[in-house]
Amino acid sequence: MRVGLFITCLSDVFYPEVGTSMVRVLRRLGAEIDFPEGQTCCGQPAFNSGYQQEAKRAARQMIQTFEGFEAVVTPSGSCAAMVRHYYPALFSGEAEWERRAEQFASRCFEFSEFMVKNWGDRHLPVKMDGTATYHHSCHMYRMLDLSDPPIRLLSQVEGLTLKELPYHQDCCGFGGTFAVKMADISTAMADEKVDHVCSTGADYLIGSDMSCLMHLGGRIRRKGHPVEVLHVAQVLDRGWMS
Amino acid sequence: MSLGASTLPFTKRVEQAMEDDFLRQAVRRTQDKLRGGKERAASDMGDWEAWRKRAEAIRQHTIQHLDTYLDQFTTQVEEAGGVVHFADTSQDVIDVVTDIIRAKKARSVVKSKSMVSEEVDLNRVLEDAGVEVVESDLGEYIVQLAKEAPSHIIIPAIHKNRDQVAELFSKEAGEKLPPETHILTRFARERMRQKFLEADIGITGCNFGVAESGALVLVSNEGNARLTTTLPRTHIAVMGMERLAPRWTDLDILLTMLTRSATGQAITSYVTAITGPRRQEDGDGPEELHVVIVDNGRSSMLGTDYQSVLNCIRCGACINVCPVYRQIGGHAYGGVYPGPIGAVLTPLLEGLDGWQELPYASSLCGACTEACPVRIPLHDHLLDLRRDEVAQKETSWAERLAFKGFGLVAERPGLFEAGARSGGWLARQVAEDGYLQTGWGPLKPWTDTRDFPAPARQSFRQWWREEGGKADE
Ligand code: SF4
């Protein structure tokens, strides 16, 4: 199977290690992967701010870039949700593009989802010591209904104690431009989340969206808490025993 | 404009709320209680999703055939001896009500909670006309004494503590009352009893009108709706034009969803159904019943992307799960309806002008959509409103320019990479330890409270070119 890597603009620029981790994990499992360089951004910042025309321009670019791959995998629940949930709607009324958007939507998967879908019954040889808690990002949890796959992967990790995050269904306050437009509210939301994270005594806060983690991690760092922020792919990569 | 409960700009209202520690604690506590209750109630129902779908189907059907059901409802109310008035605008509502009051030479009115009358600011108008108005719902009474607007559609005084209530009541009583719940509620009850007996007119809202029989259905926990509709000689019910249920069997399901979603109760303490004024054989009830059916911007949603907003049964479940409401409370929203439903409804009823910020007062987490018992896609409507704002050029030129640039770059990977590289280089010059602690321009609001990572020295795409792509060769 030829898998297209959809790395997301945020990971590409700020968190390349999430992408490289994903590459290594998928390769260890035998996937043949490629990173088509035509990709830029899924268009979410524009779309969520009301700029549909600009979002469409990004979407067309992405659709073209990933045509021809049997599957596309991304380390972001919210970018996957954008493709699956909003791409087809964005082009409604433009038959040709709508069809292509639907095609893409049906082949685009979030990382944990893709892992469980393809290698769900395989035991992963991963070890990592410490206590962790998992942050369910809203779009992955609600729009894609993907709460189990990351937990399933993480609970396999030897040595890792997974604590449930209190109020796990509550938004962390990132929300794209919301984090900047409504910075006070956004920060107050982060503070509640960070309090809950700390209450679990976790060494690691793990998630599937670097955007939420950038926001939470930035707040954690500012407040000086000793919690490390990691993507699921990073955990699997770091702890992989060869 | 009638919905504007506050004249302060949105950012100021938010600031005020964020500084009010008591408010924020009270909101959190109430939210936790209500949504916990709702979750339990929903799980008692078995397949909650199936119930939601049924409720949604009923609402959708009703709204699609609204003209038919309004017609049927009107006929039934009139057959039962009631008088139906249609009010297109808030002014029409005021005119209808003041005409009745004048005709009855009424001096005093008791009211039972009605969001629509908040919508048209009825209390103020009546008081200006020299009529004494008393809210009979305890929470409404409290906000009325404080000369404020409700901050939640189900629990209007969520933001007031016992001491504040004691102070308000003491002023009213003319003597010092201690901040003890039983004393305060006794005071309110005694005061209201007297008002009920004196009132010439009772004004209520209406949770649902049943089209097949012309009945008005009111739910309450204090029994005040019942007193308001029984004791005064004239009863005026003010209802939104969308609040109909075709049949009693539909009402059954809608009530089931309403009470559970609102407070987690299987049923409220009082469910009052009124069909027509007092008949000869009746022991009590008003001599006259007027039903005012209010449009006030609602019909403009029919046939548009926003039609499903008319499905709303005003349960407040979306408010109770909203993380933004949790931080800022209801008054910050400025309109009569707070929380996600308010952020959607207020700009739809009033126009985006003056309400530009509301559609952005959401992180788009979707908790509201998930909670809504009639499956209104609230967060998608917020997106639709943002789209409309851009189309109507209500956003700033700087933002428009930025997104124009975004569109340009999104189509050109080379440009995207070059931009990221130069931005990264710049950021790394000022970053300490790989993080920015102070930023400028649009980055400033972020870095005021959160560290911001400087872009990595080697982006993923560079890594892929240099090392990553090789393994597959
Ligand atoms: S939008 Fe839905 S959840 Fe919110 S008040 Fe209306 S019916 Fe209730």
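Calculation notes
Residues numbered from 1 in each chain as written. Chains lettered and ligands numbered in written order. Predicted model: local features only at pLDDT ≥ 70, side-chain atom pairs only at ≥ 80, totals over all residues. Heavy atoms only, no water. Helix = DSSP H or I, 4+ residues; strand = E, 2+ residues; numbered from the N terminus. Rg over C-alpha atoms; globule rule 2.2 N^0.38 Å. Contact = heavy atoms within 4.5 Å. Areas by Shrake-Rupley, 256 points an atom, 1.4 Å probe, with all protein chains shown as cover. Lys, Arg positive; Asp, Glu negative; His and termini not counted. Charge placed at Lys NZ, Arg CZ, Asp CG, Glu CD. Buried area = accessible area lost by both parts, 1.4 Å probe. Salt bridge = Lys/Arg side-chain N within 4 Å of Asp/Glu carboxyl O. Nonpolar A, V, L, I, M, F, W, Y, C, P; charged D, E, K, R; others polar. Near = heavy atom within 4 Å. UniProt positions renumbered as here; feature names shortened; annotations may be inferred. Buried < 20%, exposed > 50% of the residue type's maximum accessible area, 1.4 Å probe, protein only. Core = buried A, V, L, I, M, F, W, Y, C linked by side-chain atoms within 4.5 Å. Pairing = 2+ DSSP bridges. Axes fitted to C-alpha atoms, helices over the stretch in contact; angles between N-to-C directions. Disulfide = S-S within 2.5 Å. Phe/Tyr/Trp six-rings, centres within 6.5 Å; stacked < 30°, edge-to-face > 60°.

- Chain B is annotated in an unreviewed UniProt entry as L-lactate dehydrogenase complex protein LldF from Desmospora profundinema.

- The name that an unreviewed UniProt entry assigns to chain A is L-lactate dehydrogenase complex protein LldE, with the source organism given as Desmospora profundinema.

1. Looking at the overall build of chain A
Now for step 1: Check the secondary structure of chain A and you find 13 helices and eight strands.
Now for step 2: Taking 2.2 N^0.38 as the reference for a compact globule, 242 residues should give roughly 18 Å; the C-alpha atoms of chain A span a radius of gyration of 18 Å, in line with that estimate.
Now for step 3: Principal-axis analysis of the C-alpha atoms gives chain A an extent of 50 × 45 × 30 Å.
Now for step 4: In chain A, the proportion of contacts linking residues at least 24 apart, taken out of those at least 6 apart, comes to 79%.
Now for step 5: Carbon and sulfur atoms make up 47% of the accessible area of chain A, which amounts to about 8100 Å² in all.
Now for step 6: Distance between charge centroids for chain A: 2 Å, based on 24 positive and 29 negative side chains.

2. Points about the interface of chain A and chain B
Now for step 1: Taken together, the contact pairs 67 residues of chain A with 72 residues of chain B.
Now for step 2: Counting each side, the surface lost to burial between chain A and chain B is near 6000 Å², with a carbon and sulfur contribution of 59%.
Now for step 3: When the buried area of chain A at its contact with chain B is split by residue, Tyr51(A), Arg221(A) and Arg222(A) rank highest and sum to 12% of it.
Now for step 4: For the interface between chain A and chain B, the tally reads 12 salt bridges.
Now for step 5: As a salt-bridge pair, Arg222(A) and Asp451(B) come within 2.7 Å of each other at their nearest N and O atoms.
Now for step 6: Sort the elements by how many residues they give to the side of chain A that touches chain B and helix H11 (residues 183-199) of chain A lands first, with eight residues.
Now for step 7: Partitioned by chemical class, the residues of the side of chain A that touches chain B number 32 nonpolar, 19 polar and 16 charged.

3. Let's talk about the site of the ligand
Now for step 1: Taken together, 13 residues sit near the ligand, with Cys312(B), Cys315(B), Gly316(B), Cys318(B) and Cys372(B) positioned nearest.
Now for step 2: A breakdown of the residues in the shell around the ligand according to their chemical character gives 11 nonpolar, one polar and one charged.

4. Some remarks on the UniProt feature "domain: Cysteine-rich" (unreviewed entry) in chain A
Now for step 1: In the numbering adopted here, UniProt assigns the feature "domain: Cysteine-rich" (unreviewed entry) to residues 3-83 and 133-216 of chain A.
Now for step 2: With 56% helix and 12% strand, residues 3-83 of chain A has its two end C-alpha atoms placed 16 Å apart.

5. Looking at the environment of Val134(B)
Residue and element names in this part refer to chain B.
Now for step 1: Examined against the element boundaries, valine 134 turns out to sit in strand E3 (residues 132-135).
Now for step 2: For valine 134, a relative accessible area of 7% gives the class buried.
Now for step 3: Residues valine 134 and serine 108 lie 26 residues apart in sequence; the distance between their C-alpha atoms is 8.1 Å.
Now for step 4: With residues up to four places along the chain from it excluded, the contact list for valine 134 reads Val109, Val110, Lys111, Tyr141, Gln144 and Lys195.

6. What about unusual backbone geometry?
Residue and element names in this part refer to chain B.
Now for step 1: Unusually for a residue other than glycine, lysine 105 sits at a positive phi of about 50°.
Now for step 2: Examined against the element boundaries, lysine 105 turns out to sit in the loop between helix H5 (90-104) and strand E2 (108-111).
Now for step 3: Among the residues examined, lysine 105 registers a relative accessible area of 70% and is labelled exposed.
Now for step 4: The phi dihedral of aspartate 121 falls on the positive side, at around 60°, and the residue is not glycine.
Now for step 5: Checked against the element boundaries, aspartate 121 lands in the loop between helix H6 (115-119) and helix H7 (122-128).

7. Remarks on the nonpolar core
Now for step 1: Core analysis: the largest hydrophobic core is formed by 151 residues, its most contacted members being Leu5(A), Leu26(A), Tyr87(A), Phe111(A), Met115(A) and Leu236(A).
Now for step 2: Counting residues per element, this core draws most heavily on helix H5 (residues 77-90) of chain A, at eight residues.
Now for step 3: In terms of nonpolar packing, the next biggest core, distinct from the first, is built from 25 residues, Phe174(A), Ala179(A), Cys212(A) and Leu436(B) among them.

8. Concerning the sheet that holds strand E5 (residues 127-135) of chain A
Residue and element names in this part refer to chain A.
Now for step 1: Read across the sheet, four strands follow the order E6-E5-E7-E8 without closing on themselves; strand pairing throughout is parallel. Every other strand in the sheet has two partners, leaving strand E6 (158-163) and strand E8 (228-231) as the edge strands with one partner each. The mean angle between the axes of side-by-side strands here comes to 35°, regardless of whether they run parallel or antiparallel.
Now for step 2: Pairing geometry for strand E7 (residues 204-207) and E8, over four bridges, is parallel. In the sheet register, leucine 205 faces E8, and the bridge partner there is valine 229.
Now for step 3: The strands touched by helix H12 (residues 210-223) are E5, E7 and E8; relative to E8, the strand with the most contacts, the crossing angle is about 175°.

9. Quick notes on the state of the cysteines
Residue and element names in this part refer to chain A.
Now for step 1: The tally for this structure, following the rule as stated, stands at zero disulfides over all chains.
Now for step 2: The closest cysteine sulfur to the non-disulfide-bonded cysteine 212 is located on cysteine 172, 4.0 Å from its own sulfur.
Now for step 3: Using a relative accessible area of 9% as the deciding quantity, one classes cysteine 212 as buried.

10. Regarding the packing of aromatic side chains
Now for step 1: The full count for this structure, using the stated rule, is 22 aromatic pairs over all chains.
Now for step 2: Measuring from ring centre to ring centre gives 5.4 Å for Phe14(A) and Phe452(B), while their planes differ by 80°; the resulting arrangement is edge-to-face. Of this pair, Phe14(A) sits in the loop between helix H1 (9-13) and helix H2 (16-28) while Phe452(B) sits in strand E12 (residues 452-453), which puts the two residues in different chains.
Now for step 3: Judged by its relative accessible area of 16%, Phe14(A) falls in the buried class.
Now for step 4: You can call Phe452(B) buried: its relative accessible area is 11%.
Now for step 5: Each ring, one from Trp463(B) and one from Trp464(B), has its centre 6.4 Å from the other, and the planes form 55°; the classification is tilted.
Now for step 6: The class for Trp463(B) is buried, based on a relative accessible area of 11%.
Now for step 7: For Trp464(B), a relative accessible area of 8% gives the class buried.
Now for step 8: Aromatic rings pair up to connect Phe6(A), Phe66(A), Phe69(A), Tyr87(A) and Phe104(A) into one cluster.

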